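# Residue-level structure breakdown
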Amino acid sequence: MKKALIIFNPVAGVEESGLFLPSLIDQLTDSNYLSFVLATQKEGDEEVFVKKFGQEVDLIICLGGDGTLSRVVSGLLSLNPKPELAYIPSGSTNDFANGVGMGDLHREELINLACQGKTSLFDVGSLNDRPFIYVAAFGLFTSVAYRTPQDQKNLLGRLAYFFEGVKDLTQIKTHSIKLRYDGGDLEGDFILGLVSNSNSVAGFTSITGPTDYYDGLFEVLLVKAAAKPLDLAGALHDLIAGRDNALILRLQTTRLDLISGDDLAWTLDGEEGDKGKEAKIRVLPKALSIRTPLGNKPAKAIFHDK
C-alpha cells in the first residue's frame, strides 16, 4: 500500500480546508493509499513536515493557500528522491490553482485530481536560493497579500486586498534598477517588477498572458516610473487589461541578476520575502512533479480554453 501525507492549513482562506478531509481520506483509501494528516499551527510548519516525513511517503497533498503551497514546495526541493505533489486550493486568491485550470473545479473534482490525477514536471524559481513556485515581485501593490490581516481575508476575500492596496497609491516609490538577463542588460526607474511562471497573478489572468509552466523560462514584467499621474493610471489600466503600454516592459529569461539603488522588499508567492539591493533569480527547470489538470497537455492550453 502506498502512503500519502496530507498537510493542511486550518486557517487558510475562509477556513474551509478541513471540509475536504473526510472525502479526501476516503478517496485515498479507495486509491490504495494509507493516509497521514498533519495540520499547521504556525507559519513554517509545512516545510518542517515535508523535510521530516516527505521521503517516507509516495504523495504529499497540500491543502491551503498559495503561501501554504510555497512552503511545501520549499521543503520538497530539499528532498531526493521527491514524492509527487498534489494541491487542493483553499486560500483567498489561489493564483497557482487558477493558473493551471483548477479554479472552476468542484470539491469532488479537486479530490479526484489529488488522488488519481496525472502529473507534470513544473519549473520552480529561486531568489537568492529561496524557492518560489509562481511569482517573485517587488514594488507597487506587491506586499498587499501579506500585509492584509488574515481575519479580513476570511471575512472579505479579495475585497480585503483592494482596501489594503489603495494605501499604496498614496506612497508610490521609484526604484533605480540595473538587471542582466538572457537577452542582455537593462536599467531604468521602475515602480513594479514581477518574475512569474503563472497564468494568474494577484487574481488576474491578463497580467502575464499565456504561460508555459515547464519551458524553462520565466516571464518578467516591469512597469516604469511615470512623469505624470495620468500616464501611470493609463499604464496600470493597460496592465490589468493585458494591453501594451510604453511604460510596461515584458521579457522571458532563465535567469535574472538585479541590482537596486535601494533595498527592495520582495514578495514570494504572496508571502513576505527578503529585503536587499541585490537579487539572483534562477529557473529550476522541471523541478517538481505536480498533479494538475495540465497532465501531459501543453501548458498554454488551459489558458486558451477559458
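Our structure's up above, just so we're on the same page.
The following paragraphs examine the structure supplied in this document. If you're wondering where the values come from, they're calculated on a predicted model, not measured in any experiment.

### Examining the environment of methionine 102
On the secondary structure map, methionine 102 appears in the loop between helix H4 (95-99) and helix H5 (107-116). The buried category is assigned to methionine 102, whose relative accessible area is 1%. Separated by 192 residues in the primary sequence, methionine 102 and leucine 294 place their C-alpha atoms 9.4 Å from one another. Residues in contact with methionine 102, not counting those within four places in the same chain, are Tyr87, Pro89, Ala97, Leu110, Leu113 and Pro293.

### Here's the deal with the packing of helix H1 (residues 21-30) against H5
A pair of packed helices is characterised by two quantities: the angle between their axes and the separation of those axes. Put simply, H1 and H5 touch, their axes get as near as 10 Å, and they point 40 degrees apart. For the pair H1 and H5, the sense of crossing is right-handed. Of H5, the residues touching H1 (which contributes Ser23, Leu24, Gln27 and Leu28) are Ile111, Asn112, Cys115 and Gln116. Its residues assigned to classes, the contact of H1 with H5 shows 4 nonpolar, 4 polar and no charged.

### Comments concerning the pairing of strand S1 (residues 2-8)
For S1, the tally of buried residues reaches 5 of 7 residues, placing the bulk of the element in the interior. Summarising the sheet, S1 and strand S3 (residues 59-64) pair through 5 bridges and their orientation is parallel. When the bridges of S3 are listed, leucine 5 appears paired with isoleucine 60.

### Examining the pattern of salt bridges
Two side chains of opposite charge can pair, provided their charged atoms sit close to one another. In this structure the tally under the stated criterion is 13 salt bridges. One salt bridge connects aspartate 185 with arginine 180, and the closest N-O pair in it is separated by 2.8 Å. The partly exposed category is assigned to arginine 180, whose relative accessible area is 45%.

### Things to note about unusual backbone geometry
Of the consecutive residues asparagine 80 and proline 81, the connecting peptide bond is found in the cis state with omega at 5 degrees. Structurally, proline 81 is set in the loop between helix H3 (66-76) and strand S4 (84-89). Phi at asparagine 32 takes a positive value of approximately 70 degrees, unusual for a residue other than glycine. Assignment of secondary structure puts asparagine 32 in the loop between H1 and strand S2 (33-39). Positive phi values are uncommon outside glycine, yet asparagine 128 reaches one of about 50 degrees. Mapped onto the elements, asparagine 128 comes out in the loop between strand S5 (119-127) and strand S6 (130-132).

The rules behind these values
Residues numbered from 1 in each chain as written. Predicted model: local features only at pLDDT ≥ 70, side-chain atom pairs only at ≥ 80, totals over all residues. Heavy atoms only, no water. Helix = DSSP H or I, 4+ residues; strand = E, 2+ residues; numbered from the N terminus. Buried < 20%, exposed > 50% of the residue type's maximum accessible area, 1.4 Å probe, protein only. Contact = heavy atoms within 4.5 Å. Axes fitted to C-alpha atoms, helices over the stretch in contact; angles between N-to-C directions. Left-handed = near helix turned anticlockwise from the far one by under 90°. Nonpolar A, V, L, I, M, F, W, Y, C, P; charged D, E, K, R; others polar. Pairing = 2+ DSSP bridges. Salt bridge = Lys/Arg side-chain N within 4 Å of Asp/Glu carboxyl O.

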